[in-house]
Amino acid sequence: MSELAREKCQACRRDAPHVTAEERDAYLAELPQWQIVERDGIMQLERVFTFRNFQQALAFTNRVGEIAEAAGHHPALLTEWGKVTVTWWSHELKGLHKNDFILAARTDEVAA
Ligand SMILES: C[C@H](O)[C@H](O)[C@H]1CNC2=NC(N)=NC(=O)C2=N1
């Protein structure tokens, strides 16, 4: 398990700190398949996972759901035939928190 994946999620409060640009770049270096996208002015962390069929895509979706529930921190999930788009951001913050990078690392762990 990667260092980032092992870290503990902090409480995601409205006044919690957004990641700085330096932190963002450092965390992204550990998550090379992820990208930062901006939607409605909100920075988000996104990766598309591909699978052989819909059944495998759905099984992965449920594994991501389990880690989200365990952490109390949830992504947007778009599940299609052979493809799942996972997008992490902190809704209360309307931006990126370290939790999002921790959960992205955990998402990679359950993709394998
Ligand atoms: C009440 C509930 O714990 C909160 O709404 C949690 C749920 N999961 C969450 N997930 C994410 N990504 N951001 C949040 O701000 C958030 N808040």
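Residues numbered from 1 in each chain as written. Predicted model: local features only at pLDDT ≥ 70, side-chain atom pairs only at ≥ 80, totals over all residues. Heavy atoms only, no water.

The name an unreviewed UniProt entry assigns to the chain is Putative pterin-4-alpha-carbinolamine dehydratase, from the organism Halomonas salifodinae. Reading the Catalytic activity (unreviewed entry) entry of the UniProt record for the chain gives the comment "(4aS,6R)-4a-hydroxy-L-erythro-5,6,7,8-tetrahydrobiopterin = (6R)-L-erythro-6,7-dihydrobiopterin + H2O". Among the UniProt annotations of the chain, the heading Sequence similarities (unreviewed entry) holds the following wording: "Belongs to the pterin-4-alpha-carbinolamine dehydratase family." (UniProt positions renumbered as here; feature names shortened; annotations may be inferred.)

Now for the pairing of strand S3 (residues 76-80). Taken together, the 5 bridges between S3 and strand S4 (residues 83-88) define a ladder with antiparallel strand orientation. Bridge pairing in S4 links Glu-80 to Lys-83. If you look at the hairpin formed by S3 and S4, you'll find 2 residues sitting between the two strands, and Gly-82 has a positive phi there, around 75°. (Pairing = 2+ DSSP bridges. Helix = DSSP H or I, 4+ residues; strand = E, 2+ residues; numbered from the N terminus.)

This paragraph deals with the nonpolar core. Across soluble globular proteins, nonpolar side chains have a tendency to be buried as a group. Counting 27 residues, the largest nonpolar core has Leu-31, Trp-34, Leu-45, Phe-60, Val-86, Trp-88 and Phe-101 as the members making the most contacts within it. Looking at this core, the elements with two or more residues in it are helix H1 (3-6), strand S2 (42-50), helix H3 (54-71), S4 and helix H4 (98-111). Sorting elements by how many residues they give to this core places H4 first, with 6 residues. (Core = buried A, V, L, I, M, F, W, Y, C linked by side-chain atoms within 4.5 Å. Buried < 20%, exposed > 50% of the residue type's maximum accessible area, 1.4 Å probe, protein only.)

Neighbouring the ligand are the residues Gly-72, His-73, His-74, Trp-89, Ser-90, His-91 and Glu-92. One nitrogen or oxygen atom from the main chain of Gly-72 is found 3.4 Å from a nitrogen atom belonging to the ligand. Contact distances for the ligand include 2.8 Å between a nitrogen atom and a side-chain N or O atom of His-74. Summarising the interface, the protein chains cover 61% of the accessible area of the ligand, which totals 390 Å² for the free molecule. Residues belonging to the shell around the ligand are distributed by class as follows: 1 nonpolar, 5 polar and 1 charged. (Near = heavy atom within 4 Å. Polar contact = N/O pair within 3.5 Å; in protein donor to acceptor, adjacent residues only side chain to side chain. Areas by Shrake-Rupley, 256 points an atom, 1.4 Å probe, with all protein chains shown as cover. Nonpolar A, V, L, I, M, F, W, Y, C, P; charged D, E, K, R; others polar.)

Turning our attention to the packing of aromatic side chains. Scanning all chains against the criterion turns up 4 aromatic pairs. Between Tyr-27 and Phe-101, the ring centres sit 5.1 Å apart and the planes meet at 50°, which makes this aromatic pair tilted. Residue Tyr-27 is located in helix H2 (residues 21-29), and its partner Phe-101 is located in helix H4; the two are separated by 74 residues in the primary sequence. The exposure class of Tyr-27 is buried, given its relative accessible area of 12%. For Phe-101, a relative accessible area of 0% puts it in the buried group. The interplanar angle of 35° and the centroid separation of 5.1 Å between the aromatic rings of Phe-51 and Phe-60 together place this pair among those described as tilted. A residue is classified by how much of its surface remains accessible, and Phe-51, at 17% relative accessible area, is buried. Overall, the relative accessible area of 0% leaves Phe-60 in the buried class. Ring pairs connect the aromatic residues Trp-34, Phe-49, Phe-51 and Phe-60, which therefore count as one cluster. (Phe/Tyr/Trp six-rings, centres within 6.5 Å; stacked < 30°, edge-to-face > 60°.)

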